Amino acid sequence: MLADARHLPLPDAALGAVFAAGLLNHLPDARAGLAELARVTAAGGRLVLFHPSGRAVLAARHGRTPSPDEPLAQTPLREALHASGWALDSYDDGARFCALATRTG
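Nothing here was measured: the structure is a model prediction, and the numbers come from that model.

Thresholds, definitions, all that
- Here the residue numbering is sequential within each chain, running from 1 through the sequence in written order.
- Per-residue local features of the predicted model are confined to residues with pLDDT of at least 70, and side-chain atom pairs are confined, for both listing and counting, to 80 or more; whole-chain, interface and lining totals are unaffected and use all residues.
- Remark: hydrogens and water are excluded; side-chain values derive from all non-hydrogen atoms of the structure.
- Put simply, buried Ala, Val, Leu, Ile, Met, Phe, Trp, Tyr and Cys residues joined by side-chain atoms within 4.5 Å make one nonpolar core.
- Buried means the residue's accessible area, taken with a 1.4 Å probe over protein chains only, is under 20% of the maximum for its type, while exposed means over 50%, and partly exposed covers the values in between.
- Strands here mean DSSP runs of E at least two residues long; helices mean DSSP runs of H or I at least four residues long; both are numbered from the N terminus.
- Contacts were defined at the residue level, with two residues in contact if any of their heavy atoms lie within 4.5 Å.
- When DSSP finds two or more bridges between two strands, those strands count as paired.
- Helix axes are fitted to C-alpha atoms over the stretch in contact, other axes to C-alpha atoms as well, and angles between N-to-C directions run from 0 to 180 degrees.
- In this description, one arc is meant: the one made by directions from the helix axis to the C-beta atoms.
- Any two rings among Phe, Tyr and Trp, with Trp reduced to its six-membered ring, count as a pair given centres within 6.5 Å; such a pair is stacked if its planes are under 30 degrees apart, edge-to-face if over 60, and tilted if neither.
- Definition used for salt bridges: Asp or Glu carboxyl oxygen within 4 Å of a side-chain nitrogen of Lys or Arg.

Here the focus is the nonpolar core. By size, the foremost hydrophobic cluster in this structure holds 22 residues, and its most contacted members are L24, L34, L47, L49, L77, L81 and W86. When residues of this core are traced back to their parent elements, those giving at least two are β1 (15-21), α1 (30-39), β2 (41-51), α3 (74-83), β3 (86-93) and β4 (97-103). Each residue touching L24, except ones within four places of it in the same chain, is listed here: A30, L34, L49, L72 and L77.

The structure is reproduced here in structure tokens:
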């Protein structure tokens, strides 16, 4: 299926889990994207946000340092997840990036 991640052609609560690799940094509005993923995920469902490189590695690749206000920084991500119906369960921003969340609604 090829679809806009902000407008998925799926019914509400259709999924038990979502795996999003490298997605949030490419969306114009991360919160809206997370809300759409929440819409299609059943209560108690899981979200995996993944990237094969951590934020520091990606920033260095682009000649900069990671910023604490980036969408994948822990505090903004936790706030965006909470605002869109998710609870952040774990956060790992080491050699790889992986955040796990549970659908709260």
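Further remarks concern the environment of R64. Tracing the chain through its elements places R64 in the loop between α2 (55-61) and α3. When residues no more than four places from it in sequence are discounted, the contact partners of R64 are A59 and E70.

The four strands lie next to each other as β1-β2-β4-β3, forming an open sheet whose pairing is mixed. Single-partner strands in this sheet number two, and they are β1 and β3. For this sheet, the mean angle separating the axes of adjacent strands, direction not counted, is 10 degrees. Here seven bridges tie β3 to β4, and the two strands are oriented antiparallel to one another. By the bridge assignment for β4, D93 is matched with F97. α3 rests against β2, β3 and β4 of the sheet, and its axis sits at about 160 degrees to β3.

The subject of this paragraph is α3. Among all positions in α3, only P76, L77, A80 and L81 are buried. For α3, the buried positions fall inside an angular range of 130 degrees around the axis, keeping them on one side. Projecting away from the buried face of α3 at angles above 90 degrees are the exposed residues T75, H82 and A83. Its buried side turned inward, α3 meets α1, β2, β3 and β4. G85 lies just past α3 and shows a positive phi near 100 degrees.

Our next topic: the packing of aromatic side chains. A full pass over the atoms with the stated rule returns two aromatic pairs. For the pair Y91 and F97, a centre-to-centre distance of 5.4 Å together with 85 degrees between the ring planes defines the contact as edge-to-face.

Quick look at the environment of T75 now. As for its position among the elements, T75 is in helix α3. Measuring from C-alpha to C-alpha, the distance between T75 and T102 comes to 17 Å, with 27 residues separating the pair along the chain.

Moving on, we come to the pattern of salt bridges. Going through the model one piece at a time under the given rule, you end up with seven salt bridges. Here R64 makes a salt bridge to E70, at a shortest N to O gap of 2.7 Å. Of the residues examined, R64 reaches a relative accessible area of 42% and is grouped as partly exposed. For E70, a relative accessible area of 16% puts it in the buried group. Each of R55, R64, E70 and D93 takes part in a single network of salt bridges with overlapping partners.

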